[in-house]
Amino acid sequence: MEISIRELQHLRNYLNDEIGIFVEDEKLDNIYKRKLIKLLEKFEYKNFEDFFRDIMLKKSSILKQELINLFTVNETYFFREKYQFDTLINSVLPELDKKRAKKEIINILCAPVSTGEEIYSIAIMLLEEKELLKRRDFMLLGIDIDSNVIKKAKEGLFSKRSVHKLPIEIIDKYFTKEGEFYRIKEFIRKAVSLRVVNIMDRYSIKKLGMFDVIFSRNMLIYFDEKSKREVITTFYSIMKDEGYLFLGHAERIPKGVDLFQNLKIGESFVYKKITNS
């Protein structure tokens, strides 16, 4: 089976509108074409035209989800860029704890959550810090458009690579060794919620509620400028007053989007919601 670069570009443009990801022509041809051919063969398509027609007509939600899974990137590990977690636990959450009403739950969103290392890292650090959990409740929610990674996150089984930055005492305390893998203990898995949600679907995102902190690290680097602006605007709309946004170390809010104040707290650059008075 052969897929032309023009056909790949049509699919790329569709995915860009649907999920915000933009893939360059070279990667389309050298990396994703082979993966796409395997997907078409799996679903017994004889040509690209029939496949693309069914995608556009939304003939199969399973087919569409597998296509999305094919194009999403999911590489992470526990305590990645740990200085950001330190800023969250030592500075941002204590500040929010003082400002929020006594019985108000502090809501934290990880978007995208990938295979769960980030949101479980936050849960572990909260448990290790202890004092914040004595004073109030926290809600931890992770979302991702990729159903495969949400499934893996719920299973909580991680490779040695995923836990390589964790101190041995943390591994012993919060994981059970299973052969060459490490399963995070059930009480941690029960402490977080995980859902398949498209970050570009504003209606679905707004149904999640309002958040005090949003972690969205290493996603915007795959988006074009238009999609970046849309996502940042969506985050603003679901963030409580004086809430905080954490981005990846190489990411910045696009110029001209004046919704957040850029602050340096500890070693981290963070973005605080600007509230209109």
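Predicted model, so just to flag it, every value in this text is computed and none were measured.

### Considering the pattern of salt bridges
Okay, so step 1: Tallied over the full model, the rule gives 25 salt bridges.
Okay, so step 2: A salt bridge links E230 to K226, with the shortest nitrogen-to-oxygen separation between them at 2.7 Å. With a gap of 4 residues between them, E230 and K226 both fall in helix 12 (residues 225–237), about one helical turn apart.
Okay, so step 3: Owing to a relative accessible area of 55%, K226 belongs among the exposed residues under this scheme.

### Brief notes about the packing of helix 1 (residues 5–19) against helix 2 (residues 25–42)
Okay, so step 1: The interhelical angle for the contact between helix 1 and helix 2, taken along N-to-C directions, is 90°, at an axis separation of 10 Å. The pairing of helix 1 with helix 2 is recorded here as roughly perpendicular in orientation. Residues I5, L8, Q9, L11 and R12 of helix 1 form the contact with helix 2, whose own contacting residues are D25, L28, D29, K33 and L36.
Okay, so step 2: Grouping the amino acids of the contact of helix 1 with helix 2 by side-chain chemistry returns 5 nonpolar, 1 polar and 4 charged.

### Considering the sheet that holds strand 3 (residues 157–158)
Paired through their backbone hydrogen bonds, the strands of a sheet run either parallel or antiparallel.
Okay, so step 1: Read across the sheet, 3 strands follow the order 3-5-4 without closing on themselves; strand pairing throughout is antiparallel. Strands at the two margins of the open sheet, each flanked by one partner only, are strand 3 and strand 4 (175–178).
Okay, so step 2: With 4 bridges connecting them, strand 4 and strand 5 (residues 181–184) associate as antiparallel partners. Bridging from a neighbouring strand, T176 pairs with R183 of strand 5.

### Some details on the sheet that holds strand 6 (residues 192–196)
Okay, so step 1: Across the sheet, 7 strands lie side by side as 6-2-1-7-8-10-9; this open sheet has mixed pairing. The strands lining the two open edges of the sheet, one partner per strand, are strand 6 and strand 9 (260–265). Between one strand and the next, the sheet's axes are offset by a mean angle of 25°, whatever the strand orientation.
Okay, so step 2: Two strands pair when backbone bridges link them, and strand 2 (residues 138–144) and strand 6 are joined in this way by 5 bridges, in the parallel orientation. Note that in strand 6 the partner of L140 across the bridge is V192.
Okay, so step 3: Docked against the sheet, helix 5 (residues 82–99) engages strand 1 (106–110), strand 2, strand 7 (211–216), strand 8 (239–247), strand 9 and strand 10 (268–273), running at close to 175° with respect to strand 8.

### Comments concerning the packing of helix 1 against helix 4 (residues 61–71)
Okay, so step 1: The geometry of helix 1 relative to helix 4 is characterised by a closest axis approach of 12 Å and an angle of 95° between their N-to-C directions. Of the possible angle classes, the one that applies to helix 1 and helix 4 is roughly perpendicular. Judged by residue contacts, L11, Y14, L15, E18 and I19 of helix 1 engage K64, L67, I68 and F71 from helix 4.
Okay, so step 2: Its residues assigned to classes, the contact of helix 1 with helix 4 comprises 7 nonpolar, no polar and 2 charged.

### A look at the pairing of strand 1
Okay, so step 1: Within strand 1, 5 of the 5 residues are buried, leaving the element largely enclosed by the surrounding structure.
Okay, so step 2: Residues I106, I108 and C110 of strand 1 are buried on one face, and the alternating residues N107 and L109, pointing to the opposite face, are buried as well.
Okay, so step 3: Pairing geometry for strand 1 and strand 2, over 5 bridges, is parallel. Bridge pairing in strand 2 places I106 opposite F138.
Okay, so step 4: Here strand 1 pairs with strand 7 via 3 bridges, running parallel.

### Overview of the environment of L28
Okay, so step 1: Locating L28 in the fold gives a position in helix 2.
Okay, so step 2: For L28 and I253, which are 225 residues apart along the polypeptide, the C-alpha to C-alpha distance reads 27 Å.

Analysis parameters
- Residues numbered from 1 in each chain as written.
- Predicted model: local features only at pLDDT ≥ 70, side-chain atom pairs only at ≥ 80, totals over all residues.
- Heavy atoms only, no water.
- Salt bridge = Lys/Arg side-chain N within 4 Å of Asp/Glu carboxyl O.
- Helix = DSSP H or I, 4+ residues; strand = E, 2+ residues; numbered from the N terminus.
- Buried < 20%, exposed > 50% of the residue type's maximum accessible area, 1.4 Å probe, protein only.
- Axes fitted to C-alpha atoms, helices over the stretch in contact; angles between N-to-C directions.
- Parallel < 35°, antiparallel > 145°, perpendicular 65-115°, else oblique.
- Contact = heavy atoms within 4.5 Å.
- Nonpolar A, V, L, I, M, F, W, Y, C, P; charged D, E, K, R; others polar.
- Pairing = 2+ DSSP bridges.

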